[in-house]
Amino acid sequence: MSSVEETENPFAALLQPSSQADGVSKQLIESILLFTLSKDVVDSNRKNSVLCLADVVVADNSAKDTLCEDLLAHALFERLMLTETTKYLIPGGTNRSEALETRAMIYLHGAFTRCERIKCDSNARDKQHCDRIIELILNNASTCMRQPDLFAPQNFSSQWLELFDQSDEHDTSTQEFLVRVACKVSEEDEPLEALGAIKAIFYPMLSELQKQLVKDNLISIRKNIFWILGYFVREKRAGILGELLIDYTTPNPKAKGGDYMDTLFGQLLSVSIMPKTQTAPYEFFREVSLVSQQTDTNLWQLLAHHQLSLFTLIKQLLVQSPETKKKTLQWIANCLDANVARGHLWSTVNINLEQTVHSTASDAFMTSLSAVLMRLCAPLCAPSMKVLLVDPTYCAVVDEERQSKGVSMLKAFEETCLLPAEEGEQRLTAAKYNFITEIFYLAHKAFELGNRACIERLTRMMRELQNTRNAYHEVATRDPNNDLTKNLLRMLQDQMQQVLCIRNGLGEPENDAAILKFFEASAIWLTEIAMLPRESYEAALDKMDFAPQILRNLELLSDTPPFVAPYMKSVPENIIDNIAAYLNFCRNFGGDQFIQLYTSSHDAFFKMILLFMGSADLVKNPHLRAKLADALEFLLPTQISGSNRKEFITHVFDRHTDRLQVVRCLLNVFVSIEMTGQSVQFEQKFNYRRPMYAIMEYLWTKQEHINCFRQLASEAESNMEAIEPPIFLRFINLLINDAIFLLDESLSNLEQIKQLQRAQDNGEWNNLSHTERQQQTTNLHHLGMLARFDNILGRDTINLLKLLTTEIKSIFCHNSMVDRIASMLNYFLLHLVGPQRERFKVKDKKEFEFDPAQTVLEIAHIYINLSSDNSFCLAVSQDGRSYSDQLFGYAENILIRIGGGQLIGDMAEFASKVQKMNADYKEEQELLADAPDEYLDPIISTLMTDPVVLPSSKVTVDRSTIQRHLLSDQTDPFNREPLTMDKVKSNEALKLEIEQWIEGKRNAARVKS
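Student: How should the state of the cysteines be read in this particular structure?
Tutor: A disulfide bridge is the covalent bond that connects two cysteines by way of their sulfur atoms. Scanning the model with the defined rule gives zero disulfides in all. This cysteine, C183, is not joined by any disulfide, and C144 carries the nearest cysteine sulfur, 17 Å off. When its relative accessible area of 24% is taken as the criterion, C183 is described as partly exposed. Just so you know, C335 is unpaired, no disulfide at all, and the nearest cysteine sulfur is the one on C454, 15 Å from it.

Student: Just to check I follow, could you spell out the packing of helix α28 (residues 727–761) against helix α30 (residues 818–833) for this structure?
Tutor: Axis angle and axis distance: for two packed helices, these are the angle between their axes and the distance between the axes, and together they describe the pair. Across the interface, α28 lies against α30 with an axial gap of 10 Å and an inter-helix angle of 20°. Considered as vectors, α28 and α30 are oriented roughly parallel to each other. Here α28 runs over α30; the crossing is left-handed. Judged by residue contacts, N733, I736, N737, A739, I740, L743, D744 and L747 of α28 engage R820, I821, M824, Y827, F828, H831 and L832 from α30. Partitioned by chemical class, the residues of the contact of α28 with α30 number 10 nonpolar, three polar and two charged.

Student: Would you explain the nonpolar core in this entry?
Tutor: Counting 309 residues, the largest nonpolar core has W160, F612 and F728 as its most contacted members. With 17 residues, the top contributor of residues to this core is helix α16 (residues 435–478). In contact with F612, other than residues within four places in its own chain, are L418, L526, T527, A530, M568, I576, L618, V619, R625 and L628.

Student: I would appreciate a short explanation of a nonpolar patch on the surface in the present structure.
Tutor: Among the surface-exposed residues, I939, I940 and F974 lie close enough to one another that they form a single nonpolar patch of about 240 Å² accessible area. Looking at the secondary structure, you find I940 in the loop between α34 (904–927) and β6 (947–949).

Student: What's the story with the packing of aromatic side chains in this structure? I'm lost.
Tutor: Each aromatic ring pair is characterised by the separation of its centres together with the angle its planes make. Applying the stated criterion across every chain, the model contains 41 aromatic pairs. Centroid distance F519 to Y582: 5.7 Å. Interplanar angle 70°. Geometry classified as edge-to-face. Note that F519 is positioned in helix α18 (residues 509–530) and Y582 in helix α20 (residues 574–588), a separation of 63 residues in sequence. Across this residue pair, the class does not change: F519 and Y582 are buried. When the centroid spacing of 5.1 Å and the interplanar angle of 75° are considered together, the rings of Y827 and F828 count as edge-to-face. By relative accessible area, Y827 is classed as buried at 15%. Through pairs of rings, three or more aromatic residues link up here, namely Y394, Y433, F440, Y441, F447, F518, F519, W525 and Y582. Over the ring of Y107 we find R79, and its NZ or CZ is 4.2 Å from the ring centre. Above the face of the F670 ring, R689 is positioned so that its terminal group lies 4.0 Å from the ring centre.

Student: Whenever I open this one, the sheet that holds strand β8 (residues 985–986) confuses me. Can you help?
Tutor: Within a sheet, adjacent strands bond to each other through the backbone by hydrogen bonds, running parallel or antiparallel. On the basis of which strands lie adjacent, the open sheet formed by three strands has the order β7-β6-β8 and antiparallel pairing. Because the sheet does not close on itself, it has two edges, and the strands there are β7 (956–958) and β8. Pairing between β6 and β7: three bridges, direction antiparallel. Pairing of V949 across the sheet is with T956, part of β7. Where helix α35 (residues 959–968) meets the sheet, it contacts β6, β7 and β8, and its direction lies at approximately 85° from that of β7.

Student: How should helix α27 (residues 703–718) be read in this particular structure?
Tutor: Because each turn of an α-helix spans 3.6 residues, side chains separated by three or four positions end up pointing in the same direction. In this model α27 runs 23 Å from its N-terminal to its C-terminal C-alpha over 16 residues, within 8% of the 22 Å that 1.5 Å per residue would give. All buried positions along α27 are accounted for by H705, I706, C708, F709, L712, A713 and A716. Along the long axis of α27, the arc covered by the buried residues comes to 155°, so they all point the same way.

Student: Help me out: how do you make sense of helix α7 (residues 173–188) in this one?
Tutor: In a regular helix each residue adds 1.5 Å, so 16 residues correspond to 22 Å; α7 covers 22 Å between its end C-alpha atoms and thus fits that length. Within the sequence span of α7, burial applies to S173, T174, Q175, E176, F177, L178, V179, V181, A182, K184 and V185. Considering only its buried residues, α7 is in contact with α4 (104–120), α5 (124–146), α6 (156–166), α8 (191–214), α9 (225–230) and α10 (239–248).

Student: I'm lost on the environment of P253 in this one. Help?
Tutor: If you trace the backbone, P253 turns up in the loop between α10 and α11 (264–269). With 78 residues separating them along the chain, P253 and W331 place their C-alpha atoms 9.9 Å apart.

Reading guide: rules and limits
Residues numbered from 1 in each chain as written. Predicted model: local features only at pLDDT ≥ 70, side-chain atom pairs only at ≥ 80, totals over all residues. Heavy atoms only, no water. Disulfide = S-S within 2.5 Å. Buried < 20%, exposed > 50% of the residue type's maximum accessible area, 1.4 Å probe, protein only. Axes fitted to C-alpha atoms, helices over the stretch in contact; angles between N-to-C directions. Helix = DSSP H or I, 4+ residues; strand = E, 2+ residues; numbered from the N terminus. Parallel < 35°, antiparallel > 145°, perpendicular 65-115°, else oblique. Left-handed = near helix turned anticlockwise from the far one by under 90°. Contact = heavy atoms within 4.5 Å. Nonpolar A, V, L, I, M, F, W, Y, C, P; charged D, E, K, R; others polar. Core = buried A, V, L, I, M, F, W, Y, C linked by side-chain atoms within 4.5 Å. Patch = residues over 30% accessible without salt bridge, like charges linked within 9 Å, V, L, I, M, F, W, Y side chains within 5 Å. Areas by Shrake-Rupley, 256 points an atom, 1.4 Å probe, with all protein chains shown as cover. Salt bridge = Lys/Arg side-chain N within 4 Å of Asp/Glu carboxyl O. Phe/Tyr/Trp six-rings, centres within 6.5 Å; stacked < 30°, edge-to-face > 60°. Lys NZ or Arg CZ within 6 Å of the ring centre and 35° of its normal. Pairing = 2+ DSSP bridges. Expected span 1.5 Å × (residues − 1). Arc of directions from axis to C-beta.

Structure, rendered in structure tokens:
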């Protein structure tokens, strides 16, 4: 029987005899909980320091080796309430501080850890006792969490932070303790109350971490921040912890885009090489060279590690529980929707108005979010290729059906899609959308709003940097020490720092590899859904699941697949736009290191580009198709104009199974820019055409691609009067239009530049006011920019005509085309070699990319290429505006001076042939000069040889005239009604009448002679 000193003690009854089964080993209690109720325990050789709680609870001096579990529960609670522990200490061992611990959660965690350790090496009986002790520890920890006021003024939030802070990857007990405590709280309270209780403890801790992050950057950030946050998401048993984390970092439902940066996740996402916010300073690359293409591998490693940690955190939230997955996807979707303004064109312009700073998140934030999503998309890429499970109808789901179909993305149905839906049309949707589909579309949206907006801003900054560099060098050569030079140098260094920060932020290699693999998978997916056979589509329709499922890799047999599935009306343009923007970034900013090595992506991009670039039945927007031509230029294995790269190793133009479709696809998109019916600015149109010229020039070095051009020309000649004018005929018609416009504009601008330069040199500007002088300088600069633009593109156009006419001649000499090309060549040759050529002789021709000698050589080559055709020679001679017998004499003089001597013999022979034809033509013209008006073409006032009647206006015109008109404009020129060549009717009676009249004139002339 135990001796009890204070029989009135309320705990005394608990010392009454009980079975061994109800008790807990006193030895384990001392080893784990570090206290005893016995006063007879003083021992100088003790292994552990313990507290003697006999005077606090009740004295237990019995000989039994167990203690009643209820008494132990009371004793443990009393132990937690102690604020002064030193007076109860029985010293021993090295664990004095653990025995004296007064902070309840720290103490309970220590007890839990000791118990787990001891349990591993215990027998079955002791294991049971350890389980009972753990249950008591968890009960008390749960009480601390749910009723922290009982333990005032203790701060459990800071205690937990200390526990997390002191742990590492080798410490599993802290994670286990947290999980078991969270589960215990959930067991003992209703779900909402439990979540509320845990939030009350952990929100202050998360708030403290967030405050520290505000001041941190990529280098100074707390090293274990992700380790600490990982405690909330690593264990699926405690989804409540992940739920409180995502709840904490979620702003209010009406939050603007910038408000997401003020969340915990927002602070983490904003840590980058770029500035954290729109108004924050650029922190890296302060000491930069004015000519460097500088990168910093140390910064890249830090950024890669940070973004990998972010990805791990988000991924763990997505897999922890259905609730955390749902809330995390919603956080991402809401964030993207709140930042949708970043995708608008105006957002790429710096706006420093105070009220706009917080309307959208920063480049750093958005590109980091994109990087996280790209890593989440790794299973969609090779070799797993789960992208084939992505459903193309996702963006057809309206708001009312989002929840039932599992669509997180907001306003997905408002996305601009590859093909337009009819007004009021209900687009196809699947029964349900999987996680792979969700993450695919979210990743593309994040890249659009993050990386793409950032690339556009970087492009503009690079232009500004080049302008500042030019201005600095110009001023520095005159006076390197004046204030203006110093100010420009400072501005140049600032701009260089900004460019380097953004470029390095976008070009981090690990993220670049993730983006490339994701876009390769996206390109394969686009190709598969566009080429899905009709029977496969009908099977998908039955299952209401439209994902391609398998890789078919069908061959491109034509420019449009035989069947285009209706779901193409739901595929957003931004997928193709993103791929084009990425390839453009690789070209312009030296980000092509990985893509050089990753050759499978070349095939995927090449096939996707050919398919979508060449077909208006798959992509309605001609601007998007033109961007694909820009992307195709990236795959040229040559140096690209405006790019830093020296070469690009790829074999797609030589070995890809679909390579012979490239010429037709290019011509299709070339023509579609003109035929769009939309307002396309001329400069924009030619910016689109520039890469197409580069690709065609490269293709002209490959015989099999030259054969494709020839085949299309042959098809065109066989179908000159088809309802739809042949693609090659429309193509060369536009080439001639382009050449005429560009060279004409160039000569006009050069003439004005010459006048301005002469006035400046003569001192005429000295008499002008300061404002007027500035205006003249601006005019000169603007005209120079236009002239340079026109000269570059004009040169490319003429060069392409030269290449084409080396192999293809007859179609250029067709009666609908021959007069135009002849008059164009004559007009420009006369201006470049004739008596008036001095009008265009400007200073610094190289500055304006004006190379008249090269243009004359190209024009001479075209003349010689077509000289074997009599209709061409006749057309040259019939050009009343520019041709004269002296024209080729002027050309010969210039050719001698510019090193074109090898052409002189051919040109002389051609000139002689043309001169003879001209003499014959003049004779004929005199003979037919009094032709009746009804025999003359009403558009060009020449004698008709093949009159046709237009069906709606009933006007008679020459066949060649209306053919030429319909190449650019498929309407009746007299009343604008729709018109195609198959609708015109030959006027056989008038034709016979004209032929008889001509024959009569010739007979009369012969009789007279």
